[in-house]
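Below, each chain spelled out in residue letters.
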Amino acid sequence: MEALKKMNKFDRKGPLVLVIMDGVGYGKSEKGDAVLSTHTPTLNWFHENCPHRSLKAHGKAVGLPSDKDMGNSEVGHNAIGCGRVFAQGAKLVEEAVNSGNMFKGDVWNSLVENCLQNNSTLHFLGLFSDANVHSNIKHLKKMLLKAKKMGVKKARIHVLLDGRDVGETSALEYINPFEDFLSDLNADSVDYRIASGGGRMQITMDRYGADWSMITRGWNLHVKGEGRQFSSAREAIETLREETEAIDQDLPSFVIAENAEPIGKIEENDSVVNFNFRGDRAMEISRAFDDENIEEFDRGPKLNVKYAGMMEYDGDAKIPKNYLVDPPSIDRTVGEFLCASGCRTLAISETQKYGHVTYFYNGNKSGKINAELEDYIEIPSDIIPFEERPWMKSAEITDAVTEAIISEKYDFIRLNFPNGDMVGHTGIYQATEIAVAAVDLALSRIKKVIDKVGGIMLISADHGNADDMYTMNKKTGEPLIENGKIKAKTSHSLNPVPCIVYDPSGTKDYSLSENENLGISSLAATCMNLLDYEAPADYDESVINL
């Protein structure tokens, strides 16, 4: 990797601080915009006194199939960290499934052949929705159709209920038509059924080692068949929702059983497909199937099954060992260029987003690029519902960042405040306002230190969420009312996100590009420019005019 070329246009002290306000966008409606309704004196001051504009953070601007697809933290940090738009998992998998190329691959055929040779079961495990963030139920249906065509007699589906990237109580909108789909398949000599399930924030989809008890519960459910028994997924969801009043992502787990026996335990010689294409919440359960020994939970001996992920979730750690679709090949990241140029860097967030400012930012690569030039800090997240601690670890992150700025050790500091996203996903408006206010307070603290020692703060986001908290009636433009209450929206928004440049040094008058098509991938070249480097010619256009 070659070093970047110096521009020699800046003469200032202090680092460049890239602040990613996760899930904080510019809303299109005042109603339901928890960013707009929150008291945010610091953000307001920045908008009144600093160069700013919006950037696209969804759809094709971040490598997704269409502009109907909401952005997410994975593709958002990929774009911010690599400066170009790469086709992402949703698009790559869709192309592989629709073209049939996935079914020609060795991995798919080995999974099917294993079932045919051993007269065993083909299992599918993944997030059960069509949000196209972690998975898409369309891919699952096409795999089941193909499995039947290839002679697989028995399949079991383990459904992780969403209610986060889709409507908070929409599970039956997916379960009911899917049961009809399975009924049609089963009319012709196969046995394909839902076997287990539960909310995505209760089982199986932990990330970054935040709560391995989720993996324990998922393993015991899917593999051992241990859990509360029901005759159908519909019965389970209706019963558990009435008992707990939980939204889908938080529903307790369930097992489908007949005569008190689970119908779909994962057993020796079975095949298993994790149909999530996004990696962060699929890696731990993949390790549970793949690793010879695992210390994080009491799994027992490794199960002799054929396991594959929809994609390779971690290219460096080779997780999982087998996968159906090749991941995007992301190269020449900002981090690689800055290390080659001798820049000293700090990356920091709390556990919930630590991997985003490291692994995803670095192009889906684990570990440091140059340990002598880079420091990574993970602030452990609380294991508690986010609405109960909406400030999360914003104060602790800010403590470390302000100390790092004062130390004069770093040229570039990147950080993520998860609050707007993680609390926004709960659908609880008051908690989300507190989350946004906590980020605003953190910005005020960082601003004071930059004012004192010098530096530049570049403020943006990876996607929207807190800016769009109500489900709206598309015809009237008013919030939908359900059971006398406004229906919450827990998914990401399709809204643009801020891009604000704060430079108190007065050494440079900034004008920002008026190109309306710029997305968050432009933040990469912008960071390089603010660090006084020319960006690579093939990087997306910088936000600042020089």
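Placed above this text is the structure.
Each chain carries its own residue numbering, running from 1 in the direction its sequence is written. Totals for whole chains, interfaces and linings use all residues, but because this is a predicted model, local features are given only for residues with pLDDT of at least 70 and pairs of side-chain atoms are given and counted only at 80 or more. Values reported for side chains reflect all heavy atoms of the structure, with hydrogen atoms and water molecules removed beforehand.

A. Main features of the packing of aromatic side chains. Stacked, tilted and edge-to-face are the three classes assigned to paired rings of Phe, Tyr and Trp, where Trp is represented by its six-membered ring and a pair needs centres within 6.5 Å; plane angles under 30 degrees give stacked, over 60 edge-to-face, the rest tilted. If you walk through the whole model with that rule in mind, you get 13 aromatic pairs. Note that Lys6 overlies the ring of Tyr533, its terminal NZ or CZ placed 4.6 Å from the centroid. Counting as a charge over the ring demands two things of the Lys NZ or Arg CZ atom: a distance within 6 Å of the ring centre and an angle within 35 degrees of the ring normal. Over the aromatic face of Trp45 sits the side chain of Lys447, whose NZ or CZ is 4.7 Å from the ring centroid.

B. Up close: the sheet that holds strand E15 (residues 456–460). Strand pairing is assigned whenever DSSP identifies at least 2 bridges connecting the two strands. Helix and strand labels come from DSSP, where a helix needs a run of H or I of at least four residues and a strand needs a run of E of at least two; each type is numbered from the N terminus. Read from one edge to the other, the open sheet built from 7 strands follows the order E2-E18-E15-E1-E14-E12-E13, with strand pairing classed as mixed. With one partner strand each, in any of the chains shown, strand E2 (52–55) and strand E13 (374–379) form the two edges of the open sheet. On average, adjacent strands in this sheet sit at an angle of 15 degrees to one another, irrespective of strand direction. Relative to E15, strand E1 (residues 16–21) runs parallel, the two sharing 5 bridges. Bridge pairing links Val19 to Ile459 in E15. Against the sheet, helix H12 (residues 394–407) engages E1, strand E12 (345–350), E13 and strand E14 (412–417), with an angle of about 175 degrees to E14. Relative to E15, helix H15 (residues 522–530) is tilted by about 175 degrees, and along the sheet it contacts E1, E2, E14, E15 and strand E18 (497–502). Where helices are involved, their axes are fitted lines through C-alpha atoms of the stretch in contact, as for all axes, and angles between N-to-C directions lie from 0 to 180°. Between two residues, a contact is recorded if the distance between any of their heavy atoms is within 4.5 Å.

C. Looking closely at the pairing of strand E4 (residues 154–161). Buried means the residue's accessible area, taken with a 1.4 Å probe over protein chains only, is under 20% of the maximum for its type, while exposed means over 50%, and partly exposed covers the values in between. Most of E4 is tucked away: 7 of the 8 residues are buried. Bridge count for strand E3 (residues 122–127) against E4 is 6 bridges, and the pairing is parallel. Along E4, the bridge assignment pairs His123 with Arg156. The handedness of the E3 to E4 crossover, carried by helix H5 (residues 137–149), is right-handed. Inspection of the sheet shows E4 paired to strand E5 (residues 191–199) by 8 bridges, in the parallel sense. Across the sheet, Lys154 pairs through a bridge with Asp191, a residue of E5. Orient the strands so they point away from the viewer; a crossover is then right-handed if the path from the first strand over the helix to the second runs clockwise.

D. Seen up close, helix H14 (residues 429–453). The terminal C-alpha atoms of H14, which comprises 25 residues, lie 37 Å apart, in line with the 36 Å expected from a rise of 1.5 Å per residue. Following H14 by one or two positions, Gly454 has its phi on the positive side, about 100 degrees. For a helix, the expected span equals 1.5 Å multiplied by the residue count minus one.

E. Spatial organisation of the pairing of E12. Of all 6 residues in E12, 6 are buried; the element is thus mostly enclosed. The alternating pattern of E12 places Thr345, Ala347 and Ser349 on one face and Leu346, Ile348 and Glu350 on the opposite face, and all of these are buried. The pairing of E12 with E13 spans 6 bridges and is parallel. Residue pairing for E13: Ile348 is matched across the bridge by Ile377.

F. Representation of unusual backbone geometry in the model. Residues Ile319 and Pro320 are joined by a peptide bond in cis, for which omega reads -10 degrees. Note on placement: Pro320 falls in the loop between strand E10 (306–311) and strand E11 (323–325). Phi is positive for Asn119, close to 50 degrees, though the residue is something other than glycine. Positionally, Asn119 belongs in the loop between helix H4 (106–118) and E3.

G. The arrangement of the side chain of Ser460 in detail. Mapped onto the elements of the fold, Ser460 is located in strand E15. For Ser460, a relative accessible area of 1% puts it in the buried group. Excluding anything up to four places from it in sequence, Ser460 contacts Val19, Ile20, Met21, Leu55, Val497, Pro498, Cys499, Ile520 and Leu523.

H. Here's a closer look at the side chain of Gln249. With respect to the helices and strands, Gln249 occurs in the loop between helix H8 (233–244) and strand E7 (254–258). Given the relative accessible area of 3%, Gln249 is considered buried. Residues contacting Gln249, with those up to four places away along its chain left out, are Leu161, Asp162, Gly163, Arg164, Gly199, Arg200, Met201, Gln202, His425 and Thr426.

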